[in-house]
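# Fold and contact review
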Amino acid sequence: MVTMDVDGANNSLSPSKEIDELRYSRLIYTLGREAVQAVYQSKVLILGCNGVGAEIAKNLVLSGVRGLGLVDDEAVSVGDLSAQFLLSEADIGRNRAGASAAKLKEMNPTAEITLIPALQLESCMSSYQVFVATTGNMPYLMEINLLCRSLGVPFILATSRGLFSQVFADFGDNFYVVDETGEPSGAILVESITQDFPATVTVVEEQRHGLEDGDQVVLRGIKGMEELNREAPFTVAGTGTSSFTIPEDTRNFGRYLSGGYFHKVKQEKVVQFLSLEGSLHSPKFCLSDPAKVARNPHLHVAFQAISEFERIKSGGASIATGARLIKEEDHGEIMECAREIWEQLGFHERVRGSSNGSFGMEEIAEVVGDGRGIIDSVDIHASSGVPGVGCSIIDLGGIVEAGSSKESKSSRKVDTLDEELVKLLARGAHVELSPIAAITGGIAAQEVMKAISGVFTPLSQWLYFDALECLPSVAPPPEETIASGSRYDLQTALFGRKFQELLGSLQWLVVGAGGLGSEVLKNLVMMGVGCNPDGNITVTDMDRVSRPNLVDQLLYQIDDLDRPKTPAAARALRNINPAAQIHALQEKFDTDTEGIFDSSFFKSVAGVFSAVDSAQARLYIDNRCVTHRKPMIDGGKHGTKGSVQVFVPFQSEMYASSNDPPEHKDMPICTLKNFPYSAEHTLQWAVETFETLFKKRPLDVNAYLSNRDFQDSIRKSPPTSRLPILETLRDALLRHRPLSFEACVQWARLQFEEFFVNIIKQLCFTFPPGMTTTAGAPFWSGTKRAPAPLTFDPLNPLHLDFIVAAANLQATVYGLKGCQEHGVFLDILQNVEVPAFEPKEGVKIAVSDSEYRNMGSQRGMRPGSEDSAAVEACEALLQELPTPATLAGYRLTPIDFQKDDERNFHAEFVATAASLRACNYGIPVSDKLQARFVGGKIIPAIITSTAMVGGLMCLELYKILLQKPLTDYKHAYFNLAVPLFTFAQPIRAVQNTVARRQDTPLTWTLWDRFEMECVGMTLEAFLAEFKRQQGLEITMLSFGKSLLYAEFLPRKKLQDRLPLPLLELITVIGKVTIPATESRIIFSISCTDANDDDVEVPDVVARVR
């Protein structure tokens, strides 16, 4: 076999290595470590390096696939530059696979990329774990599919044509899915276990087990019935809301005492697939848009008809040399072929609803026609006897029943071939668009990873997607679509040359240059957005490139590590399209940069892409867009889940009109401090302990040494609040101020004793075993797990790792040199004197948050004392503390938790502290990966969903520029793991009506503003002019958080303010200086209408300069 290797790569893989855990951490959070390891050791063969092929290859290479085979004998043409972002003008005439491979290698130098001639494809197949086709006619692909099935190689087909795409999956007769959803199965606490057969397990009241009969669980940490702590799972039955039974005879076991938890075991599920040939005749459809379900059979036929047309016109070639431009005179031939396939497949019979149990397409169309349904997949040929995954339709109104003879308007639409839809597909059959390629490539690459790992539910089996809403309402004239040798010719074929000029002259803002920002920016420059001399894309992001960014942020490479993102992104984008006009800013988009992103800036841009990762950032961008009446397209992602929302001026509501769920749930204080019962609690406690020791403590010390206001605030605070602060200062500056690294180790050893021994002893002394509540129930029950103190053992790796991390962090805070030699630590630890601890009587420990707050203590675990005693203690501490003058210039170094540094001991400290506390309470321990996840508030990421969100966002841009009606816009929500796709129309902006003193009432939405010329105008003149213009009387006027005017203000204040010019009023009363570059300011007002009723009205935009 002759192969073409890249950088000496060959067809054999090097010995398997462990994955780079930091680099692939976000991917591990999404797929799991075993699945990522499987991807890391796999080889995938891709037929076709077109736009979709490039997207799939990019997604797999960034996700760490070890080997990639590329099959494509074609030369690069200018048409390839429309959607194939790996290619450039310099590659025209070169082999497409070779040019692509070089760029892929740059993305991941460890990937072994092999170029394979098309004639050798079949002989190479057995060396790969998955095969993906993005080109080829159906007879040829059916042959390849049969070869794949004979070799046990999963087969995936993914193609795009204009605004349409298809994805097909065949993983063989029996494919094992090890985890259908990928959702974590957390530990559920056990409340009791009966001595019976079968034994009944009851969970704590605060949790629900969520089990069903037949599920399997593994028990851990059970005290009293230790025989149940085994690796073999129990099959549950008789499930209720808080209990279930296990088939175990526990009558001769010891009595259940306390503790324990269980995990649900993910069970394998066998999924059977039809071959490509079988599925062409008996298709099962996974729905991409509930409102378009009735299109699936028509698109299924249309794709086949066009493929057959291209095969015939190419002389029967297996792999066509590029997609063929289909002229209008060819439509008749295609239509004849489509009608023949339609009849052969019997869709005209199936869609009427039959007695064989298949779903009637007219019923499906009726149920989901409004897009409200939540659909997994539909089997329109259920009689085939092939089990699939989730073959049902779920709607808010109920489940569709099979075999109904109901007649409806939609049945007339689907029982005959939709020839207009076929023509639309034929018209753009030769076109590849970057957003569609990104969407298709994201879906297909996720299927590849499912095939490799068995994680998540595969497609069953065909998915068709279209974005016909993006087409111009009136097709451009033929002369507008003629090719001119431009890289945008294929896009122009659908949208016309004038629209392409509009794209090129566009000025747009992208906030965020991370994963979503990278995908959006890549698509934009491929589309030609801002690529004319009078256009540009402004991108702003203050972050730097970190190692985990390399997995889902395609614009960055290893050489970019620690560099600012936006300049690196700009360079990469100009490599993709040299005409790209990128204005790269390293600014955070928030209130502090409104002098940069002022009204003049917003006047220059046409709209905003929001590619940020927090609701707070989205809300701010949303507010600025509404203020300046600019459209906002927002994208979000979380692992395999993604969403796109579009907000259109004067048509839709704004992002803030609806409430997103909180990003981080608050945990009860007392649960974290004293009564944890899950790894989530111990991790959060460890993160807060890190913040207290290594950030807040040095910040307090520095504030004491340098800020007189801080010293005054300490003296003025209540004694019970003042005392712990002064004790911290005393310890940091006197008792535990290290002068050597040895002192840091000693301090770390004492911290171990305090956290994991002394505090636990005091807790058990205050609430001893056997204690009951006032209601007579055991105190240590339910979620209150009785802890046990640890005994320090320097030879225990977990204990020593905590000491190493804590000592090195302490050294960093005090500017000392650290150490990692375990021998040094063991020598020092032998000589550390640990004071004996005796629990104290009368220590008050809060058992609820309300009690904790009432105690008024920051520690919630202090002896009760009178204020006078606390005052005396505070005074003694103040006398003991060194004065700031004696430590002039001395400062500590506060540490912010850095999640992506392997050498700073941050994750080590959190992981070991959390695990030691878990050992106290019998809770599962944590690792560094979990520590980074919680401490860094990391969002799981995978390039597949990132790419899909980026593609969907850019489709909405087409609609905005075409000024589409609101009904054509799409909010999108998907989960590639299940897979589930839903779309919804944005909600229309609410119209408000206000009666004015003039005849015409005021009708307004959240997008409206009163605009006034107010240069040099006083407050008094402003109020009068507004009343004259609008027929409404202002009763209250504010700027930001400052109240500038209100009818109820004292007369003296009104007399002082009314003569002031507006700018001076803001400066004097609001204490705000308006930047010299800002010519317009926004006032919020309250008014009374013609009936003297208080009414809500829009803000006022006043030009003051």
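Now for a description of the structure that goes with this document. Bear in mind the structure is a predicted one, so any value in this text is a computation, not a measurement. (Residues numbered from 1 in each chain as written. Predicted model: local features only at pLDDT ≥ 70, side-chain atom pairs only at ≥ 80, totals over all residues. Heavy atoms only, no water.)

We now examine the overall build of the protein chain. Scanning the protein chain from terminus to terminus reveals 35 helices and 38 strands. Here the C-alpha radius of gyration of the protein chain, 33 Å, is about what a compact globule of 1105 residues would show, namely 32 Å. Considering only C-alpha atoms, the protein chain reaches an extent of 100 × 90 × 60 Å along its principal axes. Buried residues in the protein chain amount to 56% of all 1105 residues. Considering only contacts in the protein chain between residues 6 or more positions apart, those separated by 24 or more positions represent 73%. In the form shown here, the protein chain has an accessible surface area of approximately 45,700 Å², with 50% of it arising from carbon and sulfur atoms. (Helix = DSSP H or I, 4+ residues; strand = E, 2+ residues; numbered from the N terminus. Rg over C-alpha atoms; globule rule 2.2 N^0.38 Å. Buried < 20%, exposed > 50% of the residue type's maximum accessible area, 1.4 Å probe, protein only. Contact = heavy atoms within 4.5 Å. Areas by Shrake-Rupley, 256 points an atom, 1.4 Å probe, with all protein chains shown as cover.)

So, on to the packing of helix α25 (residues 741-766) against helix α30 (residues 906-921). Two elements in contact, α25 and α30, have axes whose closest approach is 11 Å; the angle formed by their N-to-C orientations is 25°. Looking at the two axes, α25 sits roughly parallel to α30. Crossing angle aside, the handedness with which α25 passes α30 is right-handed. For the pair α25 and α30, the contacting residues are F752, F755, F756, I760 and L763 in the first and A913, L916, R917, N920 and Y921 in the second. Here the contact of α25 with α30 is built from residues that sort into eight nonpolar, one polar and one charged. (Axes fitted to C-alpha atoms, helices over the stretch in contact; angles between N-to-C directions. Parallel < 35°, antiparallel > 145°, perpendicular 65-115°, else oblique. Left-handed = near helix turned anticlockwise from the far one by under 90°. Nonpolar A, V, L, I, M, F, W, Y, C, P; charged D, E, K, R; others polar.)

Here the focus is the side chain of R23. Position of R23 among the secondary structure elements: in the loop between β1 (4-5) and α1 (25-31). One buried charged residue, R23, remains without a salt bridge, the closest side chain of opposite sign being D20 at 5.6 Å. If we ignore the near neighbours within four places in the chain, the residues touching R23 are M107, N108, R547, P548, L550, V551 and I558. (Lys, Arg positive; Asp, Glu negative; His and termini not counted. Salt bridge = Lys/Arg side-chain N within 4 Å of Asp/Glu carboxyl O.)

Attention now goes to the pairing of strand β20 (residues 462-466). In terms of residue burial, β20 counts as a mostly covered element, since five of its five residues are buried. Relative to β20, strand β7 (residues 164-170) is paired through five bridges, and the arrangement is antiparallel. When the bridges of β20 are listed, Q166 appears paired with Y464. Looking at chain direction, strand β16 (residues 284-287) and β20 are connected through three bridges and run parallel. Bridge pairing links L287 to Y464 in β20. (Pairing = 2+ DSSP bridges.)

So, on to α30. Taking 1.5 Å of rise per residue, 16 residues should cover 22 Å, and α30 covers 23 Å from first to last C-alpha, within 8% of that figure. With 15 of 16 residues buried, α30 lies mostly within the body of the structure. Within two residues after α30, G922 carries a phi angle of roughly 70°, on the positive side. (Expected span 1.5 Å × (residues − 1).)

Attention shifts here to the pattern of salt bridges. Under the counting rule described, the total for this entry stands at 51 salt bridges. Between R547 and D20 there is a salt bridge, and its shortest N-O distance comes to 2.8 Å. Highlighted residues: R547 in the loop between β22 (536-540) and α18 (565-576) and D20 in the loop between β1 and α1, separated in sequence by 527 residues. Judged by relative accessible area, which is 28%, R547 ranks as partly exposed. Of the residues examined, D20 reaches a relative accessible area of 22% and is grouped as partly exposed. Among the salt bridges present, the one from D72 reaches R96, with a minimum N-O distance of 2.8 Å. You can see D72 sitting in the loop between β3 (67-71) and α4 (96-107) and its partner R96 sitting in helix α4, a full 24 residues away along the chain. A single burial state applies to D72 and to R96, both of which are buried. By sharing partners, the salt bridges in this structure join E55, K58, E519 and K522 into a single network.

Turning our attention to the packing of aromatic side chains. By the definition in use, this model includes 45 aromatic pairs. With centroids separated by 5.1 Å and ring planes inclined at 40°, the aromatic side chains of F171 and F273 adopt a geometry described as tilted. One end of the pair, F171, is in the loop between β7 and β8 (175-177); the other, F273, is in the loop between β15 (269-271) and α7 (276-281), and 102 residues separate them in sequence. Here F273 falls in the buried class, since its relative accessible area comes to 4%. Arranged with centres 6.0 Å apart and planes meeting at 70°, the rings of F285 and Y464 form a pair that is edge-to-face. Placement of F285 in strand β16 and of Y464 in strand β20 is noted, with a sequence separation of 179 residues between them. No difference in accessibility class separates F285 from Y464, as the two residues are buried. (Phe/Tyr/Trp six-rings, centres within 6.5 Å; stacked < 30°, edge-to-face > 60°.)

Strand order in this open sheet of eight strands is β23-β22-β21-β24-β25-β26-β29-β30, and the pairing throughout is mixed. Looking along the sheet, the strands with just one partner apiece sit at the ends: β23 (582-585) and β30 (980-984). The mean inter-strand angle of the sheet, taken between neighbouring strand axes irrespective of direction, is 15°. Across the sheet, helix α17 (residues 515-527) lies against β21 (507-511), β22, β23, β24 (608-610) and β25 (632-638), angled at about 175° from β22, the strand it touches most.

A word on the environment of M1017. Locating M1017 in the fold gives a position in the loop between β33 (1010-1013) and α33 (1019-1030). Using a relative accessible area of 16% as the deciding quantity, one classes M1017 as buried. With 62 residues separating them along the chain, M1017 and L955 place their C-alpha atoms 45 Å apart. Not counting residues up to four positions away in its chain, the partners in contact with M1017 are F1022, E1025, P1061 and L1062.

Turning to the environment of G514, a few remarks are in order. Summarising the element assignment, G514 is placed in the loop between β21 and α17. Given the relative accessible area of 11%, G514 is considered buried. A sequence separation of 97 residues divides G514 from A611, and the C-alpha atoms of the two residues are 7.6 Å apart. Not counting residues within four places of it along the chain, the set of residues in contact with G514 comprises D541, Q553 and K565.

To continue, consider the state of the cysteines. Evaluation of the coordinates by the stated rule reveals zero disulfides. In this model C148 remains outside any disulfide bridge; the closest cysteine sulfur is found in C124, 12 Å from its own. Take C148: its relative accessible area is 0%, and that puts it in the buried class. (Disulfide = S-S within 2.5 Å.)

Okay, the sheet that holds strand β11 (residues 216-220) next. To summarise the sheet geometry, strands pair through backbone hydrogen bonds and adopt either a parallel or an antiparallel arrangement. An order of β12-β11-β14-β9-β10-β13 is seen for the six strands of this open sheet, with the pairing classed as antiparallel. Each having just a single partner strand, β12 (234-235) and β13 (243-246) make up the two edges of the open sheet. Sheet analysis places β11 next to strand β14 (residues 261-265), joined by five bridges and oriented antiparallel. Looking at β14, one finds that R220 is bridged to Y261.

Bringing the nonpolar core into the picture now. Core analysis: the biggest nonpolar cluster contains 181 residues, and L68 and F131 have the highest contact counts within it. At eleven residues, the largest contribution of residues to this core is made by helix α32 (residues 943-961). Aside from chain neighbours lying at most four places away, what touches F131 is L45, L47, L121, M125, I144, C148, V153, P154, F155 and I156. (Core = buried A, V, L, I, M, F, W, Y, C linked by side-chain atoms within 4.5 Å.)

A few words on the pairing of strand β10 (residues 199-203). Here β10 shows one buried face, formed by A199, V201 and V203, and one open face, formed by T200 and T202. Bridge count between strand β9 (residues 188-193) and β10: three bridges; the pairing is antiparallel. Paired with I193 across the bridge in β10 is V201. From the end of β9 to the start of β10, which pair antiparallel, there are five residues.

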